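Now for the letters of each chain:
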Amino acid sequence: AGTKTRRVLAFVRVKPTSHFAQDMIKLGSDNKSIDIYIRKSPRGGIVNNTQTDWSFKLDGLLHNASQEMVYEAVAKDLVSKALQGYNGTIMCYGQTGAGKTYTMTGAASEYRNRGIIPRAIQQIFKSAAEFLNILVTVRISYLEIYNETLFDLLAPALGRGCKDNQLTVMDGPQGVYVKGLSIHPVSHEEEALHLLFEGETNRVIGEHSLNKNSSRSHCIFTMFIECRSRDYTNHKCLKSKITLIDLAGSERLSKTGSEGQVRIEASYINKSLTFLEQLVIALADPKREHIPFRQSKLTHVLKDSLGGNCNTVLVTNIYGEADSRSPPSKHEAFELFKKQAGRVIHRVFRENKRILISRKKRSLSVAQKINRIKQQMEAIKEALEAQKQKRRQEGEEAKGQVIIDEEEFSLILKLKELKEEHKAGFTELQDLKAEIQYCQQLVDKCRKRLISEFEIWYNESFYIPEHVREALKPGGNIRPGMIPINRVTCLDEDEQDKFEQMQEAVLPDGPRSVSFYRARMKTDQKVTPEWTGMEETTWIIQSQPLP
Ligand SMILES: Nc1ncnc2c1ncn2[C@@H]1O[C@H](COP(=O)(O)OP(=O)(O)OP(=O)(O)O)[C@@H](O)[C@H]1O
């Protein structure tokens, strides 16, 4: 009470598309408004009072905006204010695949396309390095809320147990705190980025989330900042925090057809987003006395990150695609799947394929070596035969005494050596053949698994009700179940490999990208299991329960 609540700034980011839905979405020419027109649903019946037009006033419309432009518009000012003691919160809201994670974290492999979180980390550390008389301390936490349970995404990264990282939100004299949360002090930009990337990985492969679409959880990345004077006579300390939230995908709320686990998740997401909405509405109303913070884990955790002296920005990510009722094409969805829900199995598949290819290459080179040895052996045998002939002609054998000269002796030794090499090569080749066969089986198994999990995920994620299916044009390639499995199977992985290799080969963009790439590499090295034995490969596949 008494504190002036700052207004929540609202931005809309439209995912770039080649088929922009001009009939449905009108973007204001001043970039500060958006109008949405929805065709009436045929399900509405004769009396159909469903609202079909909406107009929204915004603080900014981000259409065809680069990651850098988004950061400038949404975050830069908020982050610099955090260094002056103001709390700042940025939330991304929107449908699955609309670009929330892209906006918050960004594309994993490209510096240029890094999102708000890595840019905020960089801005903080860059500013901190420029302050002469101020010592800046940064601590980081990374939380995930899944089905109203809190998880500490940094627990495994900081060497804590993965199993007991479930947390409780508590109210204390200092405000809200999360019991048992790892809040890690970081001294360096690279270390902070590394923690972010590690947390991201845990978000996808965490025990509770092995089979879930990443959009079914809320992720909260927080930087606690303390600025104090280096002059020890001045004890003043400015404390603030920046909270960056990737909210769970919102599209399942109205979806019919979801069952079991999916339905439970949807209901949790539904509730928590509704409570968040109520909270934002309550905060905006100066007459409201009671602010319902405790209704859900999300609102409870965000108690001191919303309202009050906090700068808050809401980014709504939307699809601008024409006919956005249709699910994405299977090809597009498969790409998404490999990055999200199917990430683990896809990684196992690729790793097995890599092993298979390396074994095949090795086996080829061993076979070539064996051939060379064989040729050398033939040549030596011929030479030895010639020597024998020579001796025969000279009648030595008749005398019962064989005298071998030095040359012949060394040929015999060489032949013996080659025979051993040949034998060893042959054994290695046999072993490699067995390994290749085994690897091939694993690769096939993984491919099957990848595809069957994809099919399940696709149907779960983009299930369309009967009436919409009917509305879709016949012969279109977006109808579920209409694309034969073998078309998915033949998605050109090798082309993709080539592309990824090319991406890796691209030089870092500018000196500040080095810490980004190094932190990424560290995460990748740590996360990728040691693929030394086949047993481990099998173990990972077997340990993945079916959805
Ligand atoms: N502005 C953009 N420019 C280019 N690619 C984008 C953009 N927004 C999203 N994408 C791409 O679209 C795909 C889906 O985006 P993203 O994963 O960020 O969606 P999401 O809303 O976080 O989905 P989920 O809720 O499932 O986590 C990704 O491959 C991402 O790289």
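Computed from a predicted model, the values in this text were never measured in an experiment. (Residues numbered from 1 in each chain as written. Predicted model: local features only at pLDDT ≥ 70, side-chain atom pairs only at ≥ 80, totals over all residues.)

Asks: Teacher, can you tell me more about the overall build of the chain here?
Replies: Across its full length, the chain holds 15 helices and 14 strands. Counting every position in the chain, which comprises 547 residues, the buried fraction comes to 33%. A sequence separation of at least 24 residues applies to 74% of the contacts in the chain between residues at least 6 apart. (Helix = DSSP H or I, 4+ residues; strand = E, 2+ residues; numbered from the N terminus. Buried ≥ 20, exposed ≤ 12 C-beta atoms within 10 Å, placed from the backbone. Contact = placed C-beta atoms within 7 Å.)

Asks: Help me understand helix 4 (residues 116–130) in this model?
Replies: Residues spaced three or four apart along an α-helix point in a common direction, a consequence of the helix completing one turn every 3.6 residues. In this model, helix 4 (15 residues) spans 21 Å end to end at C-alpha, consistent with the 21 Å of a helix rising 1.5 Å per residue. Taken as a whole, helix 4 has its buried residues at Ile116, Ile117, Pro118, Arg119, Ala120, Ile121, Gln122, Gln123, Ile124 and Phe125. (Expected span 1.5 Å × (residues − 1).)

Asks: Would you mind showing me how to read the nonpolar core here?
Replies: If you look at soluble globular proteins, the nonpolar side chains tend to sit buried side by side. Val74, Ile90, Ile116, Ala120, Leu143 and Leu244 are the most contacted members of the largest nonpolar core, which has 80 residues in total. In this structure Val74 touches Phe11, Ile90, Ile116, Val313 and Val315, once residues within four positions along its chain are discounted. (Core = buried A, V, L, I, M, F, W, Y, C linked by C-beta atoms within 7 Å.)

Asks: What is the right way to look at the UniProt feature "binding site: ATP" (unreviewed entry) in the chain in this model?
Replies: Under the local residue numbering, the UniProt record ascribes the feature "binding site: ATP" (unreviewed entry) to Gly94, Gln95, Thr96, Gly97, Ala98, Gly99, Lys100 and Thr101. You can see Gln95 is positioned in the loop between strand 6 (88–94) and helix 3 (100–104). For Gln95, a count of 19 C-beta atoms within 10 Å corresponds to the partly exposed category. Summarising the element assignment, Ala98 is placed in the loop between strand 6 and helix 3. Residue Ala98 is classed as buried on the basis of its 25 C-beta neighbours within 10 Å. If we skip the residues at most four places from it in the chain, Ala98 touches Lys15, Asn317, Ile318 and Tyr319. (UniProt positions renumbered as here; feature names shortened; annotations may be inferred.)

Asks: Hey, could you run me through the sheet that holds strand 3 (residues 33–37) in this one?
Replies: Think of a sheet as strands paired side by side through backbone hydrogen bonds, with each pair either parallel or antiparallel. Pairing in this open sheet of three strands is antiparallel, and the strands run 2-3-4 from one edge to the other. Both outer strands of the open sheet, strand 2 (25–27) and strand 4 (53–57), are each paired with one neighbouring strand and no more. Along the sheet, successive strands turn relative to each other by an average axial angle of 15 degrees, direction set aside. As judged from the three bridges shared by strand 2 and strand 3, these two strands associate in the antiparallel manner. Pairing of Lys26 across the sheet is with Asp35, part of strand 3. (Pairing = 2+ DSSP bridges. Axes fitted to C-alpha atoms, helices over the stretch in contact; angles between N-to-C directions.)

Asks: Help me understand the pairing of strand 4, please; the structure alone is not making it clear to me.
Replies: A regular strand places its side chains on the two faces of the sheet in alternate fashion. Of all five residues making up strand 4, only zero are buried, and the element is barely covered by its neighbours. Examined bridge by bridge, strand 3 and strand 4 share five bridges and lie antiparallel to one another. Note on strand 4: the bridge partner recorded for Tyr37 is Asp53.

Asks: Help me understand helix 9 (residues 343–393) in this model?
Replies: For helix 9, with 51 residues, the first-to-last C-alpha span of 74 Å sits near the 75 Å given by 1.5 Å per residue. Taken residue by residue, helix 9 has Ile345, His346, Val348, Phe349, Asn352, Ile355, Arg359, Val366, Ile373 and Ile380 as its buried positions.

Asks: It is not clear to me how unusual backbone geometry should be interpreted in this structure. Could you clarify?
Replies: Residues apart from glycine generally show negative phi values, whereas peptide bonds are mostly found in trans. If you check the backbone angles, Asn64 has positive phi at about 50 degrees while not being a glycine. By secondary structure assignment, the location of Asn64 is in the loop between strand 5 (60–63) and helix 1 (67–74). One non-glycine residue, Asn147, lies in positive phi territory at about 45 degrees. With respect to the helices, strands and loops of the structure, Asn147 is situated in the loop between strand 7 (134–146) and strand 8 (149–152).

Asks: How should the confidence of the model for the chain be read in this particular structure?
Replies: Should the pLDDT be low somewhere, the predicted coordinates at that spot are not to be read in detail. For the chain, per-residue confidence averages 77 on the pLDDT scale, and 75% of positions sit at 70 or higher. Within the chain, no element has a lower average pLDDT than helix 15 (residues 534–543), which sits at 30, and none a higher one than helix 1, at 96. Taken as a whole, residues 465–473 scores under 50 in pLDDT and shows 10 contacts with residues more than four places along the chain or in a different chain. Both confidence scores are given for the complex: pTM 0.64, ipTM 0.98. (pLDDT = per-residue confidence, 0-100.)

Asks: Can you walk me through the environment of Val136 in this structure?
Replies: Within the fold, Val136 resides in strand 7. Classification of Val136 as partly exposed rests on a count of 17 C-beta atoms within 10 Å. Along the primary structure Val136 and Ile124 are separated by 12 residues, whereas in three dimensions their C-alpha atoms are 9.0 Å apart. Beyond its immediate sequence surroundings of up to four residues, Val136 is in contact with Ala128, Phe131, Ile225 and Cys227.

Asks: Teacher, can you tell me more about the environment of Ala341 here?
Replies: Along the chain, Ala341 turns up in the loop between helix 8 (330–339) and helix 9. Classification of Ala341 by C-beta neighbours within 10 Å gives buried; the count is 27.

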